[in-house]
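# Working through the structure, step by step
Listed here are the chains, written in short residue letters.
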Amino acid sequence: MKGVWLEDLTWLEARQRFDAGALVVVPVGAAAKAHGSHLPLKTDALTARALAQRLLERLPVVAAPVLTLGFYPAFEKFAGSQSLSAETFGAVLDDVLGTFAAQGVTRMAVLNTGVSTEKPIDAATQARPNVLVLHMRLLGQAAEPLIEHPEGGHADERETSVMLALDPRSVRMDRLAPARPFELSAATGDPTRATAFKGERLLAARVDDMVGAIATRWPDLRQ
């Protein structure tokens, strides 16, 4: 593995990597957010962790712990879903990035798995030219031809396929159903054509795009 999880380092090892110009990647993914009746609340956090892990296998980056609280207002009424205000989330992210900067980190990337988190992330990073923002919604277009029901966007064919690839036992297959009103289901789209194969291809395509974006920004990281 070329990269490493920050949590696995000692502080001295972390300082050594920071001083050497390591890219620090901050994954963002909700640990508790409703994903229909068939996916677990941890879907986003697990996806963020998996994407970061695959990135570590490709590039010599340092992955920070997944930031598991974010701005998810559309899900607050669904039991178990947690959401910060946009201002609080933006301030938390700014503090995380600011702490790394104060410790000597000169290159950072934010890997965002949400949609409602996009604007607060863009706002928090606007004044930080050394931060690359990677919104998952814009990644992995090479795998889109595999998706039979592209409409949707939440707990849909894409997310369900990814979860079937990452943690199939957590997917309630007996509860898969075509699209129902979001207000009733906390889901949009049709997950019934989801497969683990599609999920693996989506993950691979997203990682390819992340590697490409990072290597374009910082060519020395491509080894």
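So, here is what we can say about the structure in this document. All values reported here derive from a predicted model rather than from experimental measurement. For every chain, the first residue of the written sequence is number 1, and numbering continues from 1 onward in sequence order. In view of the model being predicted, local features appear only for residues whose pLDDT reaches at least 70, and side-chain atom pairs are presented and counted only at 80 or more, with totals across whole chains, interfaces and linings using the full set of residues. The side-chain values count all of the structure's non-hydrogen atoms but skip hydrogen atoms and water molecules.

### Observations concerning the overall build of the protein chain
Rules: In this text, helices come from DSSP runs of H or I with a minimum length of four residues, and strands from runs of E with a minimum of two, each type numbered from the N-terminal end. Working definition: with a 1.4 Å probe on protein chains only, accessible area under 20% of the residue-type maximum means buried, over 50% means exposed, and in between means partly exposed. By definition, residues are in contact when any of their heavy atoms lie within 4.5 Å. Areas reported as accessible are Shrake-Rupley estimates using a 1.4 Å probe. Residue values count occlusion only from the protein chains shown. Working convention for charge: Lys and Arg count positive, Asp and Glu count negative, and His plus the chain ends are omitted. The location of each charge is read from NZ of Lys, CZ of Arg, CG of Asp or CD of Glu.
Across its full length, the protein chain holds 7 helices and 7 strands. Listing the helices and strands of the protein chain from first to last along the sequence gives β-α-β-α-β-α-β-α-β-β-α-α-β-α. On the principal axes, the C-alpha backbone points of the protein chain span a range of 50 × 35 × 30 Å. The 223 residues of the protein chain split such that 51% are buried. If you take every contact in the protein chain between residues at least 6 apart in sequence, the share linking residues at least 24 apart comes to 73%. In the structure as shown, the protein chain presents an accessible area of about 10200 Å², 54% of it carried by carbon and sulfur atoms. Taken as two groups, the 24 positive and 26 negative side-chain charges of the protein chain have centres that lie 3 Å from each other.

### Quick look at the sheet that holds strand β5 (residues 131–135)
This is how it is decided: The criterion for strand pairing is that DSSP finds at least two bridges linking the strands in question.
Taken in spatial order, the 5 strands make up an open sheet running β1-β3-β2-β4-β5, and their pairing is parallel. A single partner strand is all that each edge strand has here, and the edge strands are β1 (4–5) and β5. Pairing of β1 with strand β3 (residues 62–63) involves 2 bridges; the strand directions are parallel. The residue of β3 that forms the bridge with Val-4 is Val-62.

### A few points about unusual backbone geometry
A positive phi angle is found at Ala-155, which is not glycine, with a value near 55°. Among the secondary structure elements, Ala-155 is positioned in the loop between β6 (152–154) and α5 (157–166). A relative accessible area of 1% places Ala-155 in the buried class. Here Ala-186, not a glycine, exhibits a phi torsion of approximately 60°, which is positive. As for its position among the elements, Ala-186 is in the loop between α6 (182–185) and β7 (188–189). Judged by relative accessible area, Ala-186 falls into the buried class, the value being 2%.

By themselves these figures say nothing about function.
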